[in-house]
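Here's the letter readout for the chains.
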Number of protein chains: 2
Amino acid sequence: MTDVIRETVEAVLDEVNAISLPGPGYTRPSYSPEESAAHRVIEDRAVALGLQVRRDAGLNLFARLPGRDRSAPALHVGSHLDTVAMGGAYDGAAGVAGAMALAAAFVASGETPPVDLVVTVTRAEESVWFPVSYIGSRAALCRLDAAEFEARRADTGRTLADHMRAEGGDPQAVLRGPGLAPAQFVELHIEQGPVLFDAAEPYALVTGVRGGLRYRQAQIHGTWAHSGGAPRETRADAVFAFADLVVAMDAIWARELAAGHDLAVTFGRVEGATPEHAFAKVPGHLGFCVDIRSDDVAELDRMDAALKAEIAKIEARRHLRFDLGAPSRSRPSALSASLAARIADGALRLGHAPRRMLSGGGHDAAAFAQAGWDSVMVFLRNWDGSHNPAEGMDPADLAEAVRALKAAWGDAQGQPG
Amino acid sequence: MTDVIRETVEAVLDEVNAISLPGPGYTRPSYSPEESAAHRVIEDRAVALGLQVRRDAGLNLFARLPGRDRSAPALHVGSHLDTVAMGGAYDGAAGVAGAMALAAAFVASGETPPVDLVVTVTRAEESVWFPVSYIGSRAALCRLDAAEFEARRADTGRTLADHMRAEGGDPQAVLRGPGLAPAQFVELHIEQGPVLFDAAEPYALVTGVRGGLRYRQAQIHGTWAHSGGAPRETRADAVFAFADLVVAMDAIWARELAAGHDLAVTFGRVEGATPEHAFAKVPGHLGFCVDIRSDDVAELDRMDAALKAEIAKIEARRHLRFDLGAPSRSRPSALSASLAARIADGALRLGHAPRRMLSGGGHDAAAFAQAGWDSVMVFLRNWDGSHNPAEGMDPADLAEAVRALKAAWGDAQGQPG
């Protein structure tokens, strides 16, 4: 069994990551031909394993290994195959590789899982492409609305509906529903943070997914002026105003953490190098993004108010105007304690006691939880961050986590096949 | 006389500004075909006026109206015709239009100026293109060195020597010299600040030009990470580090002004929107420019030290690294009090008492002053800033300033023609 899991993990990662737009790193945009090609890799392997394969109208892929109790809610295991631009080899792909390895382990051992095991490969999880959260999983659940289908992809300017159709999907069918009935979902995913690496632990159980509040197209409208000619008191400098805001939000962030709230604040993009910008000009314009995350909706609302209060002060002081644009939000989600307990039992039988932790990033598991599923995540130790070409993970850690799932649902639990 | 001055001013501005790369605004890069075409407009007009036209090896244009005393140092009047990218209609062009109007007024009135009047059109004054200050005027003075000829133009990546040769110049001849012998230089130029507009004054005399210290290619090297996954204490966020620096320099700037020092601090370009940047990533890199100006070399040195001290603190606190790159410097220059007094006399005869003020921007007048010339500037009221398409100026103000020069050097001073 060990060999099947490890070999499947490595082979799936290799085959999926052979598909990418030009590097550095890996680029498979949401609803792109590259994402579709990566899905075909999994489909081909699933067919070869003898699984029952189907695609839904949103082009999510489901590969089913029938269980002993065909009427019980199925166990879905999976993740996504799209990436950010110039992303890493493991964000998403690791979870799909792990799901395929789990199915392969059942097939290789001749065991029948207690319930249907469904390798679940979602679409469009990386919301850098379309300003909509959890597109693929929410399409599977038929929880996307018509307005969201009009969202435009950042690189092409074409709508989600258009891109979904181009790859063979059917937006109208997604809107009509019905979506999947509640079942169970387990997502293996790299941690995207240094906690497990620093603690030398291979994997962890995730008790909740942070929600997010983002302003992706915020702008500051100041006044262009000559850098030598404009006296200090006459300036309306967009860069100084931005710096004021960042430093103020940094102080608020530290204060909220000290008060015991969960919070992360990031200004991931700053656009101040257009042809109009020059070293000898007081900058009259700046574009930026801000991304605020917490496990608590009330904290997100407090931070939204704090952001706007700081902006009002800066506008008054610097005689310029901020335009935050439309926010996009994702709700914090508690994950399934019972699924976590079952996986912990499996891990314990292999001599592991994985910690419980929170996910800072949003994941499809949150969308399933919000739709009433029992949904949980397993975080995999990784290093050199995430969403970048250097993103690191040891396939042995992933294999170890898959073995814990096998122990939790397989024969070793005392249920004869 | 009034009509000749006003008509010449408006006609020259119209003809010069008809030459530009595609807008918005006006773009005539240094040593570009567009700058050369604008020089030909002036050459053609000068020949039509009967002036003696010559170009030097650096392609500066000189159009001479002989004076009564041919052996006395000539009176050069002029400015430049290159612009920043998407610049305004008056920065540089106004001074050339004013010089042509002064010559036209002498010709129209049949007066001979007391000394040779030389309409002087310099090259490559806008140092956004090549990281070298006052290129054209320093070429005329043969004060460029061989290393500066290797500087590369920001848009093309080709060297100054290459671009100068492409337009017909001769870098080797510039290096050989000799340059112009010291004489007198008067530069009419828009203020590029709001002081005269706010005070409702048409023009002013400039007593000195601020020097500058610039880091044009500064970079911050932090660590890319997932915006939700990286705990606060593990981050090395390039945007937060940049904001720390800007806010620190803002406080230092306020303190230095309060202590009576002359100072301006500008971060004109911020580059944080590469394909690698995304709202969901902790930014691992940021590029920026910083431009520090003062009338005092010691203040520039103090600010350089202060900048580096702040950076050292931020590097230690945020676990990242700044790379300022190579600085470029221009020296502060005191301008000619005797020329200012002569122009003030002319203005007084027309009922004006122009204020004395400092120039925040660098100008060719500084290069002439540094080479031992009697050099002075006249600032023209303008609005909506400078180095941008909206840059505003009233040609009537320019005409009024030209009349003051005519009064200072013409017959009205009691020197019969």
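Thresholds, definitions, all that
Residues numbered from 1 in each chain as written. Chains lettered and ligands numbered in written order. Predicted model: local features only at pLDDT ≥ 70, side-chain atom pairs only at ≥ 80, totals over all residues. Heavy atoms only, no water. UniProt positions renumbered as here; feature names shortened; annotations may be inferred. Helix = DSSP H or I, 4+ residues; strand = E, 2+ residues; numbered from the N terminus. Contact = heavy atoms within 4.5 Å. Buried < 20%, exposed > 50% of the residue type's maximum accessible area, 1.4 Å probe, protein only. Least-squares fit on C-alpha atoms with pLDDT ≥ 70 in both. Buried area = accessible area lost by both parts, 1.4 Å probe. Salt bridge = Lys/Arg side-chain N within 4 Å of Asp/Glu carboxyl O. Polar contact = N/O pair within 3.5 Å; in protein donor to acceptor, adjacent residues only side chain to side chain. Nonpolar A, V, L, I, M, F, W, Y, C, P; charged D, E, K, R; others polar. Pairing = 2+ DSSP bridges. Core = buried A, V, L, I, M, F, W, Y, C linked by side-chain atoms within 4.5 Å. Expected span 1.5 Å × (residues − 1). pLDDT = per-residue confidence, 0-100.

**Some points on the UniProt feature "binding site: Zn(2+) 2" (unreviewed entry) in chain A**
Residue and element names in this part refer to chain A. This chain's UniProt record puts "binding site: Zn(2+) 2" (unreviewed entry) on Asp-91, Glu-126 and His-387. Across 297 residues in sequence, these annotated residues keep their C-alpha atoms within 9.8 Å of one another, forming a single compact spot. Relative to the helices and strands, Asp-91 is located in the loop between strand E3 (75-80) and helix H3 (93-109). Here Asp-91 is in contact with His-80, Asp-82, Glu-126, His-189, Ile-190, Gln-192, Ser-386, His-387 and Glu-391, once residues within four sequence places are set aside. Structurally, His-387 is set in the loop between strand E18 (382-383) and strand E19 (392-393). Given the relative accessible area of 3%, His-387 is considered buried.

**Description of the relation of the copies chain B and chain A**
With an RMSD of 0.1 Å, chain B superimposes on chain A once it is rotated by 180° and translated 0.0 Å along the axis. Seen this way, the second copy is the image of the first under a two-fold rotation axis. No C-alpha of chain B lies nearer the rotation axis than that of Ala-243 of chain B, which sits 2.1 Å from it. Interface overlap between copies: 98% of the residues of chain B at the interface are likewise at the interface in chain A, consistent with a symmetric, same-surface contact.

**Thoughts on the interface of chain B and chain A**
Tallying the contact residues gives 66 residues for chain B and 65 residues for chain A. Counting each side, the surface lost to burial between chain B and chain A is near 5,400 Å², with a carbon and sulfur contribution of 65%. Sorting the residues of chain B by area buried against chain A places His-226, Arg-232 and Phe-279 of chain B first, and these three jointly supply 16% of that buried surface. Linking chain B with chain A are four salt bridges, by the criterion used here. The partner of Arg-232 of chain A in a salt bridge is Asp-250 of chain B, and the shortest N-O contact between them spans 2.6 Å. Summed over the shared surface of chain B and chain A, the result is 22 residue pairs in polar contact (both at pLDDT 80 or more). Mapped by element, the contributors of at least two residues to the side of chain B that touches chain A are strand E7 (211-221), strand E8 (225-226), helix H8 (238-258), strand E9 (264-266), strand E10 (270-272), strand E11 (281-282) and strand E12 (285-294) of chain B. Of the residues that constitute the side of chain B that touches chain A, the class distribution is 32 nonpolar, 19 polar and 15 charged. Judged from the three bridges that link them, strand E10 (residues 270-272) of chain A and E10 of chain B form a sheet pairing that is antiparallel. Paired with Val-270 of chain A across the two strands is Gly-272 of chain B, which belongs to E10 of chain B.

**Quick notes on the environment of Ser-20 of chain A**
All names here are of chain A. One can find Ser-20 in the loop between helix H1 (2-17) and helix H2 (33-49). Separated by 62 residues in sequence, Ser-20 and Asp-82 place their C-alpha atoms 9.7 Å apart. If we ignore the near neighbours within four places in the chain, the residues touching Ser-20 are Gly-25, Tyr-26, Thr-27, Arg-28 and Glu-34. There is a polar contact of 2.9 Å between the side chain of Ser-20 and the backbone nitrogen of Thr-27.

**Here we look at the side chain of Ser-375 of chain B**
All names here are of chain B. In this structure, Ser-375 sits in strand E17 (residues 374-380). For Ser-375, the side chain forms a polar contact with the main-chain oxygen of Ala-365, separated by 2.7 Å. With near-sequence residues (within four places) excluded, Ser-375 lies in contact with Phe-185, Leu-335, Ser-336, Leu-339, Ala-365, Phe-368 and Ala-369.

**Looking at unusual backbone geometry**
Residue Pro-178 of chain A follows Gly-177 of chain A across a cis peptide bond; omega there is 0°. A positive phi angle, near 55°, is found at Cys-142 of chain B, a position not held by glycine. Looking at the secondary structure, you find Cys-142 of chain B in the loop between helix H4 (135-140) and helix H5 (160-166). For Cys-142 of chain B, a relative accessible area of 24% translates into the label partly exposed. The backbone of His-319 of chain B sits at a positive phi, close to 55°, despite the residue not being glycine.

**Regarding the nonpolar core**
If you look at the biggest cluster of nonpolar residues, it comprises 68 residues, and the most contacted ones within it are Phe-267 and Phe-288 of chain A together with Phe-267 and Phe-288 of chain B. Ile-19, Ala-94, Ala-99 and Val-186 of chain B belong to the second largest nonpolar core, which has 58 residues in total.

**A word on helix H3 (residues 93-109) of chain B**
The α-helix winds at 3.6 residues per turn, so residues separated by three or four positions along the chain end up facing the same way. Residue and element names in this part refer to chain B. With 17 residues, H3 extends 24 Å between its outermost C-alpha atoms, agreeing within 8% with the 24 Å of an ideal straight helix rising 1.5 Å per residue. When you tally the buried positions in H3, you get 14 out of 17 residues, the bulk of the element. Residue Gly-110 follows H3 closely and has a positive phi angle near 75°.

**Examining the UniProt feature "binding site: Zn(2+) 1" (unreviewed entry) in chain A**
All names here are of chain A. Taking the numbering used here, the UniProt-annotated feature "binding site: Zn(2+) 1" (unreviewed entry) corresponds to His-80, Asp-91 and His-189. Judged by maximum C-alpha separation, these annotated positions cover 110 residues in sequence but sit close together in space, the widest gap being only 9.6 Å. Residue position: His-80 is located in strand E3. When residues no more than four places from it in sequence are discounted, the contact partners of His-80 are Asp-91, Gly-92, Ala-93, Val-96, Thr-122, Glu-125, Glu-126, Glu-187, His-189 and Asp-364. Within the structure, His-80 has its side chain in polar contact with the side chain of Asp-91 (distance 3.3 Å). Taking the relative accessible area as the measure of exposure, Asp-91 reaches 4% and is therefore buried.

**Observations regarding the confidence of the model for chain A**
When pLDDT is averaged across chain A, the result is 95; 98% of the residues are at 70 or more. Note on residues 413-417 of chain A: pLDDT under 50 across the span, and 13 contacts to partners over four residues away in sequence or across chains.

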